[in-house]
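# Analysis of the macromolecular model
Listed here are the chains, written in short residue letters.
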Amino acid sequence: MEILLKNAQIITLDEDNDIIQEGSIGIRNNKIEYIGSSDHILEEEYAKVIDCKGRTVMPGFVNAHNHLAMTMFRNYADDMKLMDWLFTKIFPLEDKLTEEAVYWASLLAMVEMIKGGTTTFADMYFFMESTARAASESGMRAVLSRGLQGESGEEELDYRLRENLELYDKYHNSSNGRIKVMLGPHSIYTCSEAYLRKVAGKSRERRIPVQIHLSETKEEVKSCIEKHGSSPVRYLEAIGLLDEGTVAAHCVVVDDADIDILADRKVNVVHNPGSNMKLASGVAPVVKMLSKGINVCLGTDGASSNNNLDMLEEMRMAAYIQKVYTDDPTALPADQVMRMATERGAKALGFENTGRLSVGSVADIIVLNTEKAHYYPKYNIKSAIVYSGSSADVETVIIDGNLVMEGGHLITLDEERILYKAQKWALKLTE
Ligand SMILES: [Zn+2]
């Protein structure tokens, strides 16, 4: 569809870091064909014209680490230690999940994400065909991985890896390139060394990048040193799982040598401040990692360790926690954290042609209503969004050139039905 956004304040996040006042964006064939002044625009050339007076337009958010179907366990078990929470509450309930439950839980996550301005997400879970189907229907951009974990026999583990590869063969670059697939070894503490080596081999052989949880807690690091004589980062480097396409979630407990390795190997790091705070995992040295040139981006992690998928809130938490951690209020300013939530995430997930607004970029765009009291008086719009904004301000969402929400109303998804189904499944799983 040809869409014209007019009379908008535009945060481009392009190379010149331009902010355009009263500008227009023309979208055709899923790409931005025009961005700039509204003066010479021919409205009749567009099938759909959206007046953005009093609105701010920016790139959609990229939630680079998530487990969508864990929306099903949101607020089911809170205020617990990570391992206790995982092994006594989450894993037993996950055993009862079905393909259909994951489908509705994925849709529930997508309703929340689209309404909060997220256009792209990374997911690691199981029954991923259900999530692929949901992503295809919702219109969202996605990176999907079958979570590879388990203490069971080799046959079972091989079966999971095969499932991940089948997911790749079936869905990678599907839906006009909106859906990509990576390999998803869960972590060093849920996968044996032999299994990690096998995944690394497949990743190299098939040229499929990997996403993994890495150095999330002190316990993980301590037991890795006891078992393998090195930190998780050095352990994974030796196994051959760290390279340019790798997406490593958390990296909370990393020392200077670890950070140098992550930088050398060009690993993408996903910071999840909400989850790290809620589970008392600690604070990732984000400022230090950024200063070493690491591509650090932002994610919410699953909804049951956050407990929402709100990237606006995540940006604010990221900025605040770094300021406290470094004892420096200049740490992680609004512009930098906004880039972590958009273009850096897009780069990490291999969607380099999104995450900023410029001619030729793929149109993943959100429109926020900034004509509200908490945006007044108007000074610095990026600060206003990061420090004063709310996901409830997101009105319109365009992904891959298609309208998926307009004026707060979802176009691709039936919100009421999804909430009803999610509640029904939650009751069934916990009965
Ligand atoms: Zn996670």
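Sequence order as written defines the numbering, with residues in each chain counted from 1. This being a predicted model, a pLDDT of at least 70 is required before a residue's local features are given, and a value of 80 or more before pairs of side-chain atoms are given or counted; all residues contribute to the totals for chains, interfaces and linings. Values shown for side chains rest on all heavy atoms present in the structure; no hydrogens or waters enter the calculation.

With that settled, the discussion passes to the coordination of the zinc ion. The zinc ion binds to the protein through His65 (NE2), His67 (NE2), His213 (NE2) and Asp301 (OD), with metal-donor distances spanning 2.1 to 2.3 Å. Any nitrogen, oxygen or sulfur atom within 2.8 Å of a metal ion counts as a donor, with the limit raised to 3.2 Å for Na, K and Ca, and since water is left out, coordination shells can look unfinished. All geometry calls rest on donor angles, where a four-donor set with angles between 85 and 135 degrees is tetrahedral, four- and six-donor sets with opposite donors more than 155 degrees apart and all others between 65 and 115 are square planar and octahedral, and all else is irregular. Angles of 90 to 172° at the metal separate the four donor atoms of the zinc ion, which places the site in the irregular class. Spacing between the donor residues of the zinc ion along the chain follows H-x1-H-x145-H-x87-D. Placement of the pair is His65 in strand E6 (residues 61-66) and Asp301 in the loop between strand E14 (295-298) and helix H12 (311-326), with a sequence separation of 236 residues. Taken as a pair, His65 and Asp301 share a single burial class, namely buried. The secondary structure listing takes helices from DSSP runs of H or I that are at least 4 residues long and strands from runs of E that are at least 2 residues long, numbered from the N terminus. Only protein chains enter the accessibility calculation, which uses a 1.4 Å probe; a residue is then buried when its area is under 20% of its type maximum, exposed when over 50%, and partly exposed in between.

All right, on to helix H9 (residues 256-264) then. Regarding H9, the residues found buried are Asp258, Ile259, Ile261 and Leu262. With its buried residues spanning 160° around the axis, H9 presents them on a single face. Contacts are assigned to residue pairs that have any heavy atoms within 4.5 Å of one another. Buried positions along H9 lie against strand E11 (211-214), helix H8 (232-239), strand E13 (268-271) and helix H11 (286-291). Lys266 sits one or two residues past H9 and shows a positive phi near 55°. Taking the helix axis as origin, the arc is that swept by the directions to the C-beta atoms.

By definition here, a salt bridge exists when the distance from a side-chain nitrogen of Lys or Arg to a carboxyl oxygen of Asp or Glu is within 4 Å. Applying the stated criterion across every chain, the model contains 28 salt bridges. One salt bridge connects Lys288 with Asp256, and the closest N-O pair in it is separated by 2.7 Å. Here Lys288, found in helix H11, pairs with Asp256, found in helix H9; they are 32 residues apart in sequence, far enough to count as distant. Judged by its relative accessible area of 39%, Lys288 is partly exposed. Residue Asp256 is classed as partly exposed on the basis of its relative accessible area, which comes to 45%. With a shortest N-O distance of 2.7 Å, Lys382 and Asp335 are connected by a salt bridge. Of this pair, Lys382 sits in helix H15 (residues 381-388) while Asp335 sits in helix H13 (residues 334-340); the two residues are 47 residues apart in sequence, bridging distant segments of the chain. In this structure Asp335 comes out as partly exposed when scored by relative accessible area, which is 25%. Bridged by salt links that share partners, the residues Asp335, Arg339, Glu343 and Lys382 form one connected network.

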